[in-house]
Amino acid sequence: MTNFNRRQVLMAAAAATAAASLPKLALAQTREETLRFVHGSVWTALTAGDLTGSRASLALSCNVYDRLVSYGRKQAPGGGWEFDFATLEPELCESFTLSEDGLTITFKLDPAAVWHDGSPVTAQDVKWSLDRAVSAETMSKSQLASGSISSPEQIEIVDETTVTVTLPEADRLALPNLAMYLAPMINSELAKSHATEADPWAVEWLRTNAAGSGAYKVERMSPDGAQVVLARNEDWTGGPLPGFKRVIVQSVPEASTRASLLQKGDADLCLDFSPTDLEVLEAADGVKVIQTPQPSGFAALIFNTQMAPFDDPKLRKAISMALPYDKIFETAANGQGAKLYDGAWEGEPETGAFPQPMPYAQDIEAAKAMVEEAGHAGITVPLYYTVAKAGDFDPAAALIQEALAKIGITVEIQKTPDAQYAEIVTAKTAPMLLERSLALLPSPDYFFRIFLNGDSRWNFSSWNNAEVAEILPVARYEADEAAYDTMTRRLVQLAYEETPMVMLWKPTTKAAMAEGIEGYTMWYHFGPDFRTLDNA
């Protein structure tokens, strides 16, 4: 049996967080105690998982709502911190236990935990919150199901401070999913008082009202979501109190204006700006930029494996041998992020991590010979990508077009309006795409389930390999790490051999902030988490 206790976690982290956890004097909030965050979106829903919620809503709700557990942090390449998928810690609960067979998760609640309105957190609240997550028509339902939590019957109240979750099989993603923003804990009595017969889970009311216990309370929110003001929850028990007493979240549509506000000291943090502004900010006095590769992110050239001519794996392999990888990385990605080519392995990868650098290398003559041998010389193919990602993909498309011309393939570039592109991707009518995306969690089998198997929209290549389909249901429930690694290494090997997509680079999350801001962490949602920030 494995036990996890908050006190152990906090004691281990005490040296690093002592300043943030010391009691604060009851002084008026000064500029130093206020964080100003500017972004290009709006906060359209206060509760994560709402189907109308913007991307900003998902991330920002993490500061208002707790989850039963949370991910740990680790030092990130390039500075700052990043979430640690391998480490789970108590958040709203005091401790949690995983049974030896992996089928039962037991949560012991913190008796000191209270909701923002001061009422105590109860086992009934936890039960209702998880029931809602698996029942209401929100994004939570499918995400928790990906970890085998799909029915209210799996969630039981043992006593006033104990709740169990029972799994049909020992799913590797059950606990990690409960650490995500899509498993928020909600003040059930408050929410139920605003539920209706048509809306029994109070989805509509929770869209514009908060009922959480998180590190920050919503002090006010403009009707259009352009400005949200958060106040620190002085009764928060989920971790050390945040360094900032107040956070002002402001929508500023123009990227150049956001960059200017940072330079002038009128904003403290921004995660949303153009490559040109990035260069300016990196050279600006009083501003620092932290770039962190996204663990499960990728940019790739993707083939429709169910459509001629890319139903031929020889053609896909030939194209993978023709691409000017370094030029694409330097021009399209500005040399930022991590290369997903030049892998050093042959035959079988050393690890099952994915995405990882694949052993792609340019060899024009060999690629040309393979195209001719397969009978595809002289073909013309369209290459689609969305206008929204043209900043990355305009230079990438031009380089791909130039390279494939050398092996007898004419590429017609189709830069497509966003709505039209979405329809094409959903209908799977494009033979070749440039796409950039990510899996929320850096789990190899989870990545393959989303992007490289089945009929989902996100299987851009429509690749359906019988061996992959056989491995995935087994890997999902495999508790032995060595056996799991063997399976995922085989998945990576198959993806390289059949080349449904050519991985190009791993994008970065770029954060610009005032020089004195400390504690920045890149989370799985790639949005801001104000709880770990402080002003040095």
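What you see is a predicted model, and the numbers here were worked out from it, not measured in a lab.

What counts, and at which threshold
Residues numbered from 1 in each chain as written. Predicted model: local features only at pLDDT ≥ 70, side-chain atom pairs only at ≥ 80, totals over all residues. Heavy atoms only, no water. Helix = DSSP H or I, 4+ residues; strand = E, 2+ residues; numbered from the N terminus. Polar contact = N/O pair within 3.5 Å; in protein donor to acceptor, adjacent residues only side chain to side chain. Contact = heavy atoms within 4.5 Å. Pairing = 2+ DSSP bridges. Axes fitted to C-alpha atoms, helices over the stretch in contact; angles between N-to-C directions. Salt bridge = Lys/Arg side-chain N within 4 Å of Asp/Glu carboxyl O. Buried < 20%, exposed > 50% of the residue type's maximum accessible area, 1.4 Å probe, protein only. pLDDT = per-residue confidence, 0-100. Core = buried A, V, L, I, M, F, W, Y, C linked by side-chain atoms within 4.5 Å. 1 Å grid on protein atoms, 1.4 Å probe; cavity = no way out; pocket = protein on both sides within 12 Å on 5 of 7 lines; lining within 4 Å. Points joined across faces, edges and corners; volume = space filled by probe spheres on them. Nonpolar A, V, L, I, M, F, W, Y, C, P; charged D, E, K, R; others polar. Phe/Tyr/Trp six-rings, centres within 6.5 Å; stacked < 30°, edge-to-face > 60°. Lys NZ or Arg CZ within 6 Å of the ring centre and 35° of its normal.

J.: Which residues make up the side chain of N459, and what values do they have?
T.: With respect to the helices, strands and loops of the structure, N459 is situated in the loop between helix 15 (444-451) and helix 16 (466-475). A polar side-chain atom of N459 sits 2.8 Å from the main-chain carbonyl oxygen of G454. With sequence-adjacent residues up to four places away left out, N459 is seen in contact with K428, I450, F451, L452, N453, G454 and N464.

J.: Describe the sheet that holds strand 20 (residues 508-514), naming the residues involved and giving the relevant values.
T.: Sheet architecture is open: seven strands sit in the order 9-10-11-2-12-20-13, paired in mixed fashion. Edge strands, defined here as strands with exactly one partner in the open sheet, are strand 9 (216-221) and strand 13 (287-293). Where strand 2 (residues 34-39) lies against strand 11 (residues 246-251), six bridges are found, and the strand directions are parallel. By the bridge assignment for strand 11, R36 is matched with I248. The sheet contacts of helix 9 (residues 275-283) involve strand 13 and strand 20, and relative to strand 13 the element is tilted by about 125°.

J.: Break down the pattern of salt bridges for me, citing the residues and quoting the values.
T.: Scanning the entire structure with this criterion turns up 25 salt bridges. Between E467 and R490 there is a salt bridge, and its shortest N-O distance comes to 2.8 Å. Of the two residues, E467 sits in helix 16 while R490 sits in helix 17 (residues 481-498), which places them 23 residues apart along the sequence. The exposure class of E467 is partly exposed, given its relative accessible area of 31%. Linked by salt bridges that have partners in common, R67, E91, D529 and R531 make up one network.

J.: Tell me about the pairing of strand 7 (residues 155-159), and please be specific about residues and values.
T.: Sheet analysis places strand 7 next to strand 8 (residues 162-166), joined by four bridges and oriented antiparallel. Along strand 8, the bridge assignment pairs I157 with V163. Between strand 7 and strand 8, which follow one another and run antiparallel, lie two residues.

J.: A description of the environment of L178 should follow, citing residues and the corresponding values.
T.: Within the fold, L178 resides in helix 5 (residues 174-178). The exposure class assigned to L178 is buried, which follows from its relative accessible area of 2%. A sequence separation of 107 residues divides L178 from Y71, and the C-alpha atoms of the two residues are 9.9 Å apart. Among all residues touching L178, those that are not within four sequence positions of it are R67, L68, V69, F107, L130, L144, I149 and A183.

J.: So what's going on with the pairing of strand 9? Which residues, and what values?
T.: Bridge analysis of strand 9 against strand 10 (residues 227-232) gives five bridges, and the strand direction is antiparallel. Counted as the bridge partner of Y216 is R232 from strand 10. In this structure, the hairpin formed by strand 9 and strand 10 is closed by a connection of five residues, where G225 is found at a positive phi of approximately 75°.

J.: How would you summarise the sheet that holds strand 22 (residues 521-522) if you had to cite specific residues and measurements?
T.: The strand order across the open sheet formed by three strands is 3-4-22, and the pairing between neighbours is mixed. The outermost strands of the open sheet, each flanked by one partner alone, are strand 3 (69-75) and strand 22. As paired elements, strand 3 and strand 4 (residues 81-90) share seven bridges and run antiparallel to each other. For V69, the partnering residue across the bridge sits in strand 4 and is P90.

J.: Can you tell me about unusual backbone geometry, naming the residues and giving the values?
T.: Here the bond from A308 into P309 is cis, since omega is 5°, no more than 30 degrees from zero. Unlike most non-glycine residues, S148 shows phi in positive territory, near 70°. Topologically, S148 is positioned in the loop between helix 4 (140-145) and strand 7. Of the residues examined, S148 reaches a relative accessible area of 8% and is grouped as buried.

J.: Hey, could you go over the confidence of the model for the chain for me, with residue numbers and the actual values?
T.: When pLDDT is averaged along the chain, the result is 91; 95% of the residues meet or exceed 70. Here residues 6-28 scores under 50 on pLDDT; set against residues more than four positions off or in separate chains, the count is 25 contacts.

J.: How would you explain the nonpolar core if you had to name every residue and give the values?
T.: The biggest cluster of nonpolar side chains holds 115 residues, and the ones touching the most others in it are F107, L301, I409, L434 and F448. The element that contributes the greatest number of residues to this core is helix 13 (residues 390-405), accounting for seven residues.

J.: How would you explain the environment of K428 if you had to name every residue and give the values?
T.: One can find K428 in the loop between helix 14 (418-427) and strand 18 (432-438). C-alpha of K428 to C-alpha of Q306: the two residues are 122 residues apart in sequence and 9.2 Å apart in space. Aside from chain neighbours lying at most four places away, what touches K428 is N304, M307, D455, S456, R457, N459, F460 and S462.

J.: Give me the lowdown on helix 15, citing residues and values where you can.
T.: With seven of eight residues buried, helix 15 lies mostly within the body of the structure. What helix 15 keeps buried is the set P444, D445, Y446, F447, F448, I450 and F451. Considering only its buried residues, helix 15 is in contact with helix 4, strand 14 (297-303), strand 18, helix 16, helix 17 and strand 19 (501-506).

J.: I'd like to hear about empty space enclosed by the protein, residue by residue, with values.
T.: Scanning the model with the defined rule gives five cavities of 30 Å³ or more in all. One number sums up the size of the largest cavity: a volume of about 60 Å³. Residue composition of the lining of the largest cavity, by class: five nonpolar, two polar and three charged. If you add up the space inside the second largest cavity, you get close to 50 Å³. Lining the second largest cavity are N304, I424, V425, K428, T429, A430, L433 and F460.

J.: Now, about the side chain of H116: what can you tell me, with residues and values included?
T.: Positionally, H116 belongs in the loop between strand 6 (104-109) and helix 3 (123-135). When near neighbours in sequence (up to four residues on either side) are disregarded, H116 contacts V64, G212, S213, G214, Y216, K217 and N233.

J.: Any details on the packing of aromatic side chains? Residues and values, ideally.
T.: Pairs of aromatic rings are described using the distance from one ring centre to the other and the angle between the two planes. Summed over the entire model, instances satisfying the criterion amount to 24 aromatic pairs. For the ring pair Y325 and Y341, a centre distance of 5.0 Å and an interplane angle of 25° mean the geometry is stacked. With Y325 in helix 11 (residues 325-332) and Y341 in the loop between strand 15 (338-339) and helix 12 (364-373), this residue pair connects regions lying 16 residues apart in the sequence. In this structure an aromatic cluster arises from ring pairing among F298, F354, F447, F448, F451, W458 and F460. In this structure, R73 packs its charged tip against the face of W81, placed 4.4 Å from the ring centre. In this arrangement the basic side chain of R457 is found over the ring face of W458, its NZ or CZ atom lying 4.5 Å from the centre.

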